[in-house]
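Given next are the chains, with one letter for each unit.
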Amino acid sequence: MVYDVIIVGAGSMGMAAGYYLAKSGKSVLMLDAFDPPHEEGSHHGETRIIRFAYGEGASYVPFVKRAGELWQELESLADENLFLQTGVVNIGEPTCSFIQNVKASATLHELALEHYSAAEAMNKWPGLSLPANLVACFEPTAGVLRVEACIRAYKKLALQAGARLQIKEKVVGIQAGEIVQVQTANQVYEAKHLIVTAGAWATELLQTLDIALPVTPTRKTFAWFEADEQLYSNEVFPAYCFEFADSSYYGFPSIDGAGLKLGRHDGGEEINPNKPLHPFDDHDRADLQHFIQQFMPQHGALKYGKTCKYSMTPDEDFIIDFLPTHPNMIIAAGFSGHGFKFSSAVGEALAELTLHGKCKQDLTRFQLNRFY
Ligand SMILES: Cc1cc2nc3c(=O)[nH]c(=O)nc-3n(C[C@H](O)[C@H](O)[C@H](O)COP(=O)(O)OP(=O)(O)OC[C@H]3O[C@@H](n4cnc5c(N)ncnc54)[C@H](O)[C@@H]3O)c2cc1C
């Protein structure tokens, strides 16, 4: 059979795209090397921040607002609690570009944003300890998405809408043409359109089409710490982003008693996505402990740490575009450690691009030709 669309990678972006395409009546095959949601890619670890006053630039705001609407819709369609409105506090020096962008995004798009000095922030959140040179911008309507539950919800709806999902089937080759051929270990599948949403494996996969994608798979770490619930539970403490000249960290309040979660956003080593990640080690522990000791000193002991994969572009903006010279193939990759919150809107945009060749969102910032 020739499918209307094959999606390679049914993770954060691919599963959402599969749902919107199947809902529109197209025959859809989603192929995944694992069994999503799973712990091998970029979408495990319970929680993802969603913030709207966007530190990476105000041009992201319409896209993330649409994502927020679609998350609400998904919650009601799946009848599940996927979003927790904890608020998100962005902390840094007032002159840093991230903080400037948060403020500009809020002003331009009329988003609620509260401004605090370091002393005011420590008064509002006694679990914080901040030097006087930092400021805090708090977005009360932002919060946390339950990442695996979101993917599970899209999976359920995509299958209900008629999509087919083949798990544990890794794509090893793609043959371009009016009918695209997709090769796995023991099968060749055919489709009129192809979407590649392969996360940390996107670069490897596009090599089979002789396309050099500037996306670098990178090892990341995060950990949970014991928390005094009176200071750090999600009832009283927000999700947070700290932005410094030489580092950035993010994290979550203790949700359902899980502990205070902390991750480092910048840095990390380039990896081969096919090899097991070097496990969370003493160096990772020391780095996170150094940060938390300084800024949330009333935390308890480290409970456990984990590793995960980012897919970095050189400018940390996403890639969502048709492949050059292949008008029936689309790539969505390089989400650079801040893509999950958008995945509902990315799924919708990928479906629109496939069906109509264009979409309602302005994707100019994500075009591939910025690199070539
Ligand atoms: C620790 C951590 C914290 C993060 N925090 C945030 C946050 O707070 N907020 C936020 O917005 N974002 C955050 N992100 C980023 C976000 O999670 C990612 O940008 C997003 O999950 C990327 O989605 P994806 O679909 O590209 O990749 P994935 O979700 O990993 O999906 C890719 C899928 O492709 C499959 N695949 C790959 N190759 C093949 C192949 N050859 N054949 C078949 N299947 C294949 C994989 O098995 C996988 O299921 C974080 C990421 C990490 C790792």
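Keep in mind that what you see is a predicted model, and the values were worked out from it rather than measured. (Residues numbered from 1 in each chain as written. Predicted model: local features only at pLDDT ≥ 70, side-chain atom pairs only at ≥ 80, totals over all residues. Heavy atoms only, no water.)

In this section: the overall build of the protein chain. Along its length, the protein chain carries nine helices and 19 strands. Whereas a compact globule of 372 residues would reach a radius of gyration of roughly 21 Å, the protein chain reaches 20 Å, a difference of no more than 12%. The principal-axis extents of the C-alpha atoms in the protein chain amount to approximately 65 × 45 × 45 Å. Across the 372 residues that make up the protein chain, the buried fraction comes to 58%. Taking all contacts inside the protein chain whose residues are at least 6 apart in sequence as the whole, residues at least 24 apart take part in 74%. Summing over all exposed atoms, the protein chain offers an accessible surface of approximately 15200 Å²; the carbon and sulfur share of this is 49%. On the protein chain, the mean spot of the 30 positive side-chain charges and the mean spot of the 44 negative ones are 4 Å from each other. (Helix = DSSP H or I, 4+ residues; strand = E, 2+ residues; numbered from the N terminus. Rg over C-alpha atoms; globule rule 2.2 N^0.38 Å. Buried < 20%, exposed > 50% of the residue type's maximum accessible area, 1.4 Å probe, protein only. Contact = heavy atoms within 4.5 Å. Areas by Shrake-Rupley, 256 points an atom, 1.4 Å probe, with all protein chains shown as cover. Lys, Arg positive; Asp, Glu negative; His and termini not counted. Charge placed at Lys NZ, Arg CZ, Asp CG, Glu CD.)

Once that is clear, we can look at the packing of aromatic side chains. The geometry of two aromatic rings is summed up by the distance between their centres and the angle between their planes. Tallied over the full model, the rule gives 30 aromatic pairs. Centroid distance tyrosine 20 to tyrosine 154: 5.7 Å. Interplanar angle 65 degrees. Geometry classified as edge-to-face. Here the residue tyrosine 20 occupies a position in helix α1 (residues 12-23), and tyrosine 154 occupies one in helix α5 (residues 147-160), the gap between them amounting to 134 residues. In this structure tyrosine 20 comes out as buried when scored by relative accessible area, which is 7%. The exposure class of tyrosine 154 is buried, given its relative accessible area of 2%. Between phenylalanine 318 and phenylalanine 335, the ring centres sit 4.8 Å apart and the planes meet at 45 degrees, which makes this aromatic pair tilted. With phenylalanine 318 in the loop between β17 (302-312) and β18 (319-323) and phenylalanine 335 in the loop between β19 (326-333) and α9 (343-356), the pair connects residues that are 17 residues apart, well separated along the chain. On the basis of relative accessibility, which here comes to 0%, the residue phenylalanine 318 falls in the buried class. Three or more aromatic residues link up through ring pairs in this structure, and these residues are Tyr232, Phe237, Tyr240, Phe242, Phe244, Tyr249, Phe291 and Phe295. (Phe/Tyr/Trp six-rings, centres within 6.5 Å; stacked < 30°, edge-to-face > 60°.)

In this numbering, the UniProt entry assigns the feature "transmembrane region" (unreviewed entry) to residues 6-22. Note that residues 6-22 is 65% helix and 18% strand, and that its end C-alpha atoms are spaced 11 Å apart. (UniProt positions renumbered as here; feature names shortened; annotations may be inferred.)

With that settled, the discussion passes to the state of the cysteines. In this structure the tally under the stated criterion is zero disulfides. Cysteine cysteine 137 shares no disulfide, and the gap to the nearest cysteine sulfur, in cysteine 96, comes to 8.8 Å. (Disulfide = S-S within 2.5 Å.)

With that out of the way, let us pick up the site of the ligand. As a matter of local geometry, the ligand sits amid 35 residues, with Ser12, Asp32, His43, Ile49 and Cys308 nearest to it. Contact between the ligand and histidine 38: an oxygen atom at 2.8 Å from a side-chain N or O atom of the residue. In the complex, 98% of the free accessible area of the ligand, which totals 1000 Å², lies under the protein chains. Among the secondary structure elements, those contributing two or more residues to the shell around the ligand are α1, β3 (47-50), β15 (248-252) and β17. Class assignment for the residues of the shell around the ligand results in 17 nonpolar, twelve polar and six charged. (Near = heavy atom within 4 Å. Polar contact = N/O pair within 3.5 Å; in protein donor to acceptor, adjacent residues only side chain to side chain. Nonpolar A, V, L, I, M, F, W, Y, C, P; charged D, E, K, R; others polar.)

Mapped onto this numbering, the UniProt entry annotates "domain: FAD dependent oxidoreductase" (unreviewed entry) at residues 4-353. Within the segment residues 4-353, helix and strand shares are 28% and 30% respectively, and the terminal C-alpha atoms sit 13 Å apart.

A few words on the packing of α1 against α5. Relative to each other, α1 and α5 sit at 30 degrees, their axes nearing to 8 Å. The orientation of α1 with respect to α5, classified from their angle, is roughly parallel. Crossing hand, α1 versus α5: left-handed. For the pair α1 and α5, contact is made by Ser12, Met15, Ala16, Gly18, Tyr19, Tyr20 and Ala22 and by Ile151, Tyr154, Lys155, Leu157 and Ala158, respectively. When the residues that make up the contact of α1 with α5 are grouped by side-chain class, the tally is nine nonpolar, two polar and one charged. (Axes fitted to C-alpha atoms, helices over the stretch in contact; angles between N-to-C directions. Parallel < 35°, antiparallel > 145°, perpendicular 65-115°, else oblique. Left-handed = near helix turned anticlockwise from the far one by under 90°.)

This part is about the packing of helix α2 (residues 61-78) against α9. Between α2 and α9, whose axes approach to 7 Å, the crossing angle comes to 95 degrees. As far as their axial angle goes, α9 and α2 are roughly perpendicular. Counted together, Phe63, Arg66, Ala67, Leu70 and Trp71 of α2 and Ser343, Ser344, Ala345, Val346, Glu348 and Ala349 of α9 form the full contact between these two elements. Looking at side-chain class alone, the contact of α2 with α9 contains seven nonpolar, two polar and two charged residues.

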